[in-house]
Amino acid sequence: TGCSHFCLYCYATSYIGRKPSTPKKDFVKRLREDLRHVNPRLTIELSTSSDPYPPLEAWMGLTRMALKLLAERGLRVLITTKSDLVVRDINVLKATPSAVMITITTLDDNLASKLEPGAPSPSRRLRAVERLSEAGVPVGVRVDPILPGLNDDPQMIRRLVEAVANAGARHIVTSTLKLKPDIYRRLREAFPEIEAVYGRLYYSEGEVIQGYRYLPRALREKILEPVIDYALEKGLTASVCREGLGPRFLKAPTCDGSHLIPSRPSR
(Lines give C-alpha, C1' and ligand atoms only; values in the text may rest on other atoms or scores of the structure.)
Protein backbone atom coordinates (compact mmCIF):
# COMPACT_ATOMS: atom_id res chain seq x y z
CA THR A 1 0.00 0.00 0.00
CA GLY A 2 1.09 3.62 -0.40
CA CYS A 3 3.26 4.67 -3.34
CA SER A 4 6.81 6.01 -3.34
CA HIS A 5 6.46 7.66 -6.74
CA PHE A 6 4.60 10.54 -5.05
CA CYS A 7 2.94 11.84 -8.22
CA LEU A 8 1.29 15.20 -7.56
CA TYR A 9 -1.86 14.22 -9.42
CA CYS A 10 -2.39 10.90 -7.62
CA TYR A 11 -6.11 10.31 -7.02
CA ALA A 12 -5.54 7.46 -4.54
CA THR A 13 -4.09 9.75 -1.86
CA SER A 14 -7.59 10.96 -1.04
CA TYR A 15 -8.35 7.57 0.50
CA ILE A 16 -5.03 5.80 1.21
CA GLY A 17 -3.01 8.87 2.14
CA ARG A 18 0.32 10.07 0.80
CA LYS A 19 2.95 7.69 2.11
CA PRO A 20 5.82 5.53 0.85
CA SER A 21 5.17 2.06 -0.49
CA THR A 22 5.02 -0.57 2.23
CA PRO A 23 4.29 -4.30 1.94
CA LYS A 24 0.93 -5.58 3.06
CA LYS A 25 1.05 -7.98 5.99
CA ASP A 26 1.29 -11.65 4.97
CA PHE A 27 0.82 -10.61 1.35
CA VAL A 28 2.02 -13.79 -0.35
CA LYS A 29 0.20 -16.07 2.10
CA ARG A 30 -3.04 -14.14 1.61
CA LEU A 31 -2.61 -14.09 -2.17
CA ARG A 32 -2.23 -17.86 -2.30
CA GLU A 33 -5.49 -18.18 -0.37
CA ASP A 34 -7.30 -15.66 -2.58
CA LEU A 35 -6.20 -17.44 -5.74
CA ARG A 36 -8.10 -20.53 -4.65
CA HIS A 37 -11.30 -18.58 -5.26
CA VAL A 38 -10.43 -16.38 -8.24
CA ASN A 39 -12.45 -16.53 -11.47
CA PRO A 40 -9.89 -17.70 -14.07
CA ARG A 41 -11.71 -15.86 -16.86
CA LEU A 42 -11.12 -12.45 -15.31
CA THR A 43 -8.09 -10.22 -15.75
CA ILE A 44 -5.99 -9.41 -12.70
CA GLU A 45 -4.52 -5.89 -12.75
CA LEU A 46 -1.37 -4.89 -10.91
CA SER A 47 -2.39 -2.31 -9.87
CA THR A 48 -4.75 0.64 -9.80
CA SER A 49 -4.07 2.59 -6.62
CA SER A 50 -0.43 1.73 -5.84
CA ASP A 51 2.34 1.14 -8.37
CA PRO A 52 3.42 -2.54 -8.35
CA TYR A 53 7.04 -1.55 -9.03
CA PRO A 54 8.08 0.97 -6.36
CA PRO A 55 11.81 1.23 -5.57
CA LEU A 56 11.64 -1.32 -2.74
CA GLU A 57 10.36 -3.96 -5.18
CA ALA A 58 13.90 -4.14 -6.60
CA TRP A 59 15.06 -5.97 -3.47
CA MET A 60 11.81 -7.32 -1.96
CA GLY A 61 10.48 -9.01 -5.09
CA LEU A 62 6.88 -9.17 -3.86
CA THR A 63 5.42 -8.30 -7.25
CA ARG A 64 7.65 -10.88 -8.89
CA MET A 65 6.43 -13.52 -6.44
CA ALA A 66 2.85 -12.50 -7.14
CA LEU A 67 3.39 -12.80 -10.89
CA LYS A 68 4.87 -16.27 -10.48
CA LEU A 69 1.80 -17.37 -8.53
CA LEU A 70 -0.48 -15.94 -11.21
CA ALA A 71 1.57 -17.57 -13.98
CA GLU A 72 1.38 -20.96 -12.26
CA ARG A 73 -2.39 -20.74 -12.72
CA GLY A 74 -2.25 -19.30 -16.25
CA LEU A 75 -4.18 -16.19 -15.19
CA ARG A 76 -4.54 -13.12 -17.39
CA VAL A 77 -2.46 -10.22 -16.08
CA LEU A 78 -2.42 -6.51 -16.88
CA ILE A 79 0.44 -4.47 -15.40
CA THR A 80 0.04 -0.70 -14.94
CA THR A 81 3.23 1.04 -13.83
CA LYS A 82 5.52 4.05 -14.11
CA SER A 83 8.64 1.98 -13.48
CA ASP A 84 11.14 0.44 -15.86
CA LEU A 85 11.75 -2.26 -13.25
CA VAL A 86 8.96 -4.23 -14.94
CA VAL A 87 11.47 -5.42 -17.57
CA ARG A 88 13.14 -7.53 -14.88
CA ASP A 89 10.07 -9.77 -14.95
CA ILE A 90 9.81 -10.28 -18.71
CA ASN A 91 10.44 -14.00 -18.33
CA VAL A 92 7.55 -14.36 -15.88
CA LEU A 93 5.23 -12.17 -17.95
CA LYS A 94 5.88 -14.38 -20.97
CA ALA A 95 4.82 -17.42 -18.95
CA THR A 96 1.20 -16.29 -18.63
CA PRO A 97 -1.18 -14.26 -20.85
CA SER A 98 -0.14 -10.70 -20.01
CA ALA A 99 0.30 -7.12 -21.19
CA VAL A 100 1.92 -4.02 -19.73
CA MET A 101 0.74 -0.40 -19.70
CA ILE A 102 3.47 2.13 -18.83
CA THR A 103 2.47 5.67 -17.89
CA ILE A 104 4.43 8.41 -19.68
CA THR A 105 2.83 11.82 -19.25
CA THR A 106 5.60 13.86 -20.88
CA LEU A 107 9.03 13.50 -22.51
CA ASP A 108 10.24 16.56 -20.59
CA ASP A 109 12.49 15.24 -17.81
CA ASN A 110 12.30 18.50 -15.87
CA LEU A 111 8.50 18.58 -15.88
CA ALA A 112 8.30 14.88 -15.06
CA SER A 113 10.64 15.34 -12.08
CA LYS A 114 8.19 17.84 -10.61
CA LEU A 115 4.98 15.96 -11.45
CA GLU A 116 6.28 12.47 -10.61
CA PRO A 117 9.26 13.06 -8.30
CA GLY A 118 9.77 9.47 -7.22
CA ALA A 119 9.28 7.78 -10.59
CA PRO A 120 11.94 6.82 -13.15
CA SER A 121 12.61 9.37 -15.91
CA PRO A 122 10.53 9.34 -19.10
CA SER A 123 13.57 8.16 -21.08
CA ARG A 124 13.91 5.10 -18.84
CA ARG A 125 10.22 4.32 -19.20
CA LEU A 126 10.44 4.72 -22.97
CA ARG A 127 13.34 2.26 -23.05
CA ALA A 128 11.21 -0.15 -21.00
CA VAL A 129 8.53 0.03 -23.71
CA GLU A 130 11.18 -0.90 -26.27
CA ARG A 131 12.52 -3.82 -24.25
CA LEU A 132 9.07 -5.25 -23.55
CA SER A 133 8.10 -4.97 -27.20
CA GLU A 134 11.37 -6.55 -28.35
CA ALA A 135 10.75 -9.44 -25.96
CA GLY A 136 7.26 -10.04 -27.34
CA VAL A 137 5.32 -8.75 -24.32
CA PRO A 138 2.40 -6.61 -25.57
CA VAL A 139 2.83 -3.07 -24.29
CA GLY A 140 0.88 0.18 -24.33
CA VAL A 141 1.28 3.63 -22.83
CA ARG A 142 -0.94 5.74 -20.60
CA VAL A 143 -0.69 9.42 -21.56
CA ASP A 144 -2.60 10.10 -18.43
CA PRO A 145 -3.40 12.53 -17.00
CA ILE A 146 -3.13 15.54 -19.24
CA LEU A 147 -2.93 18.69 -17.13
CA PRO A 148 -3.96 22.05 -18.65
CA GLY A 149 -1.01 24.39 -19.06
CA LEU A 150 1.55 21.74 -18.12
CA ASN A 151 1.62 18.80 -20.53
CA ASP A 152 -1.23 19.64 -22.92
CA ASP A 153 0.72 21.28 -25.75
CA PRO A 154 -0.39 19.45 -28.96
CA GLN A 155 3.11 19.35 -30.42
CA MET A 156 4.52 17.90 -27.20
CA ILE A 157 1.79 15.28 -27.26
CA ARG A 158 2.47 14.47 -30.93
CA ARG A 159 6.16 13.91 -30.18
CA LEU A 160 5.24 11.72 -27.23
CA VAL A 161 2.85 9.58 -29.27
CA GLU A 162 5.42 9.23 -32.05
CA ALA A 163 8.10 8.23 -29.56
CA VAL A 164 6.03 5.54 -27.87
CA ALA A 165 4.81 4.20 -31.21
CA ASN A 166 8.39 3.96 -32.47
CA ALA A 167 9.32 2.18 -29.23
CA GLY A 168 6.75 -0.54 -29.94
CA ALA A 169 3.65 0.54 -28.02
CA ARG A 170 0.41 -0.82 -29.47
CA HIS A 171 -2.23 1.09 -27.47
CA ILE A 172 -2.63 4.49 -25.84
CA VAL A 173 -4.91 5.39 -22.96
CA THR A 174 -5.46 9.04 -22.20
CA SER A 175 -7.56 11.28 -19.97
CA THR A 176 -7.53 14.75 -18.47
CA LEU A 177 -6.71 15.58 -14.87
CA LYS A 178 -9.54 14.96 -12.42
CA LEU A 179 -9.19 17.33 -9.52
CA LYS A 180 -9.65 16.73 -5.81
CA PRO A 181 -8.68 19.18 -3.06
CA ASP A 182 -5.45 17.42 -2.11
CA ILE A 183 -4.36 17.19 -5.75
CA TYR A 184 -5.11 20.87 -6.29
CA ARG A 185 -3.10 21.82 -3.21
CA ARG A 186 -0.02 19.89 -4.35
CA LEU A 187 -0.20 21.28 -7.86
CA ARG A 188 -0.54 24.88 -6.61
CA GLU A 189 2.50 24.43 -4.39
CA ALA A 190 4.61 23.10 -7.27
CA PHE A 191 3.20 25.34 -10.01
CA PRO A 192 1.81 28.54 -8.42
CA GLU A 193 1.08 30.01 -11.84
CA ILE A 194 -1.76 27.55 -12.48
CA GLU A 195 -3.95 28.63 -9.57
CA ALA A 196 -6.01 31.27 -11.35
CA VAL A 197 -6.44 29.13 -14.48
CA TYR A 198 -7.42 25.99 -12.60
CA GLY A 199 -9.73 27.92 -10.32
CA ARG A 200 -11.62 29.12 -13.36
CA LEU A 201 -11.54 25.95 -15.47
CA TYR A 202 -12.31 23.46 -12.70
CA TYR A 203 -14.31 25.43 -10.15
CA SER A 204 -16.12 28.13 -12.16
CA GLU A 205 -16.60 26.47 -15.55
CA GLY A 206 -16.06 22.77 -14.87
CA GLU A 207 -18.36 20.07 -13.57
CA VAL A 208 -18.38 17.60 -10.69
CA ILE A 209 -18.73 13.92 -11.57
CA GLN A 210 -18.62 11.23 -8.87
CA GLY A 211 -16.76 13.47 -6.45
CA TYR A 212 -14.12 14.73 -8.91
CA ARG A 213 -13.89 18.11 -10.59
CA TYR A 214 -13.65 17.82 -14.36
CA LEU A 215 -12.75 20.36 -17.01
CA PRO A 216 -15.64 21.64 -19.16
CA ARG A 217 -16.66 18.94 -21.63
CA ALA A 218 -15.78 20.96 -24.72
CA LEU A 219 -12.28 21.61 -23.42
CA ARG A 220 -11.77 17.96 -22.56
CA GLU A 221 -12.73 16.99 -26.08
CA LYS A 222 -10.37 19.61 -27.52
CA ILE A 223 -7.45 18.32 -25.43
CA LEU A 224 -8.05 14.61 -25.94
CA GLU A 225 -9.07 14.42 -29.59
CA PRO A 226 -5.52 15.07 -30.91
CA VAL A 227 -4.13 12.25 -28.75
CA ILE A 228 -6.59 9.83 -30.32
CA ASP A 229 -5.88 11.16 -33.82
CA TYR A 230 -2.10 10.98 -33.44
CA ALA A 231 -2.33 7.43 -32.12
CA LEU A 232 -4.53 6.29 -34.99
CA GLU A 233 -2.13 7.92 -37.48
CA LYS A 234 0.65 5.76 -36.07
CA GLY A 235 -1.44 2.59 -36.28
CA LEU A 236 -2.14 2.28 -32.55
CA THR A 237 -5.44 1.63 -30.86
CA ALA A 238 -6.47 4.43 -28.51
CA SER A 239 -9.05 5.17 -25.87
CA VAL A 240 -10.17 7.77 -23.36
CA CYS A 241 -11.02 6.59 -19.85
CA ARG A 242 -13.43 8.03 -17.29
CA GLU A 243 -14.49 11.00 -19.39
CA GLY A 244 -17.93 9.95 -20.63
CA LEU A 245 -17.25 11.32 -24.11
CA GLY A 246 -18.77 8.54 -26.19
CA PRO A 247 -17.59 6.17 -28.96
CA ARG A 248 -15.65 8.83 -30.87
CA PHE A 249 -13.07 8.59 -28.09
CA LEU A 250 -12.96 4.80 -27.84
CA LYS A 251 -10.95 3.46 -30.76
CA ALA A 252 -10.05 0.16 -29.16
CA PRO A 253 -11.76 -3.02 -27.96
CA THR A 254 -11.03 -1.98 -24.36
CA CYS A 255 -10.13 1.25 -22.61
CA ASP A 256 -7.46 -0.04 -20.23
CA GLY A 257 -5.42 -2.05 -22.72
CA SER A 258 -6.57 -5.49 -21.59
CA HIS A 259 -7.35 -6.33 -25.23
CA LEU A 260 -3.57 -6.54 -25.73
CA ILE A 261 -3.40 -9.66 -23.54
CA PRO A 262 -2.87 -12.69 -25.78
CA SER A 263 -5.02 -15.78 -25.44
CA ARG A 264 -2.00 -17.85 -24.44
CA PRO A 265 1.49 -17.19 -23.02
CA SER A 266 3.89 -15.49 -25.45
CA ARG A 267 6.87 -17.74 -24.69
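Look up: the structure comes first, before these words.
Residues numbered from 1 in each chain as written. Predicted model: local features only at pLDDT ≥ 70, side-chain atom pairs only at ≥ 80, totals over all residues. Heavy atoms only, no water.

Asker: How do you make sense of the pairing of strand β2 (residues 76-81) when you look at a structure like this?
Answerer: Consecutive side chains along a regular strand alternate between the two faces of the sheet. Where burial is concerned, most of β2 is hidden: five out of the six residues are buried. The sheet contact formed by strand β1 (residues 43-46) and β2 spans four bridges and is parallel. Its bridge partner lying in β2, Ile-44 is registered against Val-77. The pairing of β2 with strand β3 (residues 98-103) spans five bridges and is parallel. Looking at β3, one finds that Leu-78 is bridged to Ala-99. (Buried < 20%, exposed > 50% of the residue type's maximum accessible area, 1.4 Å probe, protein only. Helix = DSSP H or I, 4+ residues; strand = E, 2+ residues; numbered from the N terminus. Pairing = 2+ DSSP bridges.)

Asker: So what exactly am I meant to see when it comes to the packing of aromatic side chains here?
Answerer: How two aromatic rings sit relative to each other is set out by the distance from centre to centre and by the angle between their planes. Across all of its chains, the model carries two aromatic pairs by this definition. Taking 5.4 Å as the distance between ring centres and 40 degrees as the angle between the ring planes, the aromatic pair formed by Tyr-198 and Tyr-202 counts as tilted. With Tyr-198 and Tyr-202 both in helix α10 (residues 195-204) and four residues apart, this pair spans about one turn of that helix. Per residue, the accessibility class of Tyr-198 equals that of Tyr-202, and both read buried. Here the basic side chain of Lys-180 rests over the ring of Tyr-212, its NZ or CZ set 4.6 Å away from the ring centre. (Phe/Tyr/Trp six-rings, centres within 6.5 Å; stacked < 30°, edge-to-face > 60°. Lys NZ or Arg CZ within 6 Å of the ring centre and 35° of its normal.)

Asker: Whenever I open this one, the state of the cysteines confuses me. Can you help?
Answerer: Among covalent bonds in proteins, the disulfide is the one between the sulfur atoms of two cysteines. A complete count under the given rule lists one disulfide for this structure. At a sulfur-sulfur separation of 1.5 Å, the disulfide partner of Cys-241 is Cys-255. Measuring the twist about the S-S bond at about -130 degrees, one finds the Cys-241-Cys-255 disulfide to be left-handed. Taken together, the positions of Cys-241 in the loop between β8 (237-240) and β9 (250-251) and Cys-255 in the segment after β9 put the pair 14 residues apart, joining distant regions of the chain. Unpaired in terms of disulfides, Cys-7 finds its nearest cysteine sulfur in Cys-3, a separation of 6.2 Å. (Disulfide = S-S within 2.5 Å.)

Asker: Before we go on, may I ask you to explain α10 in this structure?
Answerer: For an α-helix, the turn length of 3.6 residues means that residues three or four places apart are oriented alike. Every buried residue belonging to α10 is among Tyr-198, Gly-199, Leu-201 and Tyr-202, and all of these are buried. Where α10 is buried, its residues contact α9 (181-190), β6 (207-209), β7 (212-214) and α11 (217-233). (Contact = heavy atoms within 4.5 Å.)

Asker: How do you make sense of helix α7 (residues 122-135) when you look at a structure like this?
Answerer: The first and last C-alpha atoms of α7 sit 20 Å apart over 14 residues, in line with the 20 Å expected at 1.5 Å per residue. Residues Pro-122, Arg-125, Leu-126, Ala-128, Val-129 and Leu-132 constitute the buried set of α7. In a view along the axis of α7, the buried residues occupy a sector of 150 degrees, so they form one face of it. The inward-facing, buried residues of α7 contact α5 (90-93), β3, α6 (109-115), β4 (139-146) and α8 (154-167). Directly beyond the C-terminal end of α7, a positive phi value near 90 degrees is found at Gly-136. (Expected span 1.5 Å × (residues − 1). Arc of directions from axis to C-beta.)

Asker: Even after reading the chapter, I still don't get the pairing of β8, so can you show me in this structure?
Answerer: As paired elements, strand β5 (residues 171-176) and β8 share four bridges and run parallel to each other. Along β8, the bridge assignment pairs His-171 with Thr-237. Sheet analysis places β8 next to β9, joined by two bridges and oriented antiparallel. Residue pairing across strands places Ala-238 opposite Lys-251, the latter belonging to β9.

Asker: Can you help me understand the nonpolar core in this one?
Answerer: The nonpolar side chains of a soluble globular protein tend to be buried with one another. Counting residues in hydrophobic clusters, the biggest one holds 72 residues, and the most contacted among them are Leu-132 and Leu-187. Here the element with the most residues in this core is α8; it accounts for seven residues. Dropping the residues within four chain positions of it, Leu-187 is found in contact with Leu-8, Leu-115, Leu-147, Leu-177, Leu-179, Ile-194 and Tyr-198. Core analysis: the next-biggest nonpolar cluster, separate from the first, contains seven residues, Leu-78, Met-101, Leu-260 and Ile-261 among them. (Core = buried A, V, L, I, M, F, W, Y, C linked by side-chain atoms within 4.5 Å.)

Asker: I tried to follow the pattern of salt bridges on my own but got confused; where do I start?
Answerer: Considering all chains together, one arrives at 20 salt bridges under this definition. Note that Glu-207 and Arg-220 form a salt bridge whose closest N and O atoms lie 2.7 Å from each other. Residue Glu-207 is found in strand β6, and its partner Arg-220 is found in helix α11; the two are separated by 13 residues along the sequence. Take Arg-220: its relative accessible area is 1%, and that puts it in the buried class. Note that Arg-217 and Glu-221 form a salt bridge whose closest N and O atoms lie 3.2 Å from each other. Placement of the pair is Arg-217 and Glu-221 together in helix α11, with a separation of four residues, close to one helical turn. Salt bridges linked by common partners bring Glu-57, Arg-64, Arg-88 and Asp-89 together as one network. (Salt bridge = Lys/Arg side-chain N within 4 Å of Asp/Glu carboxyl O.)

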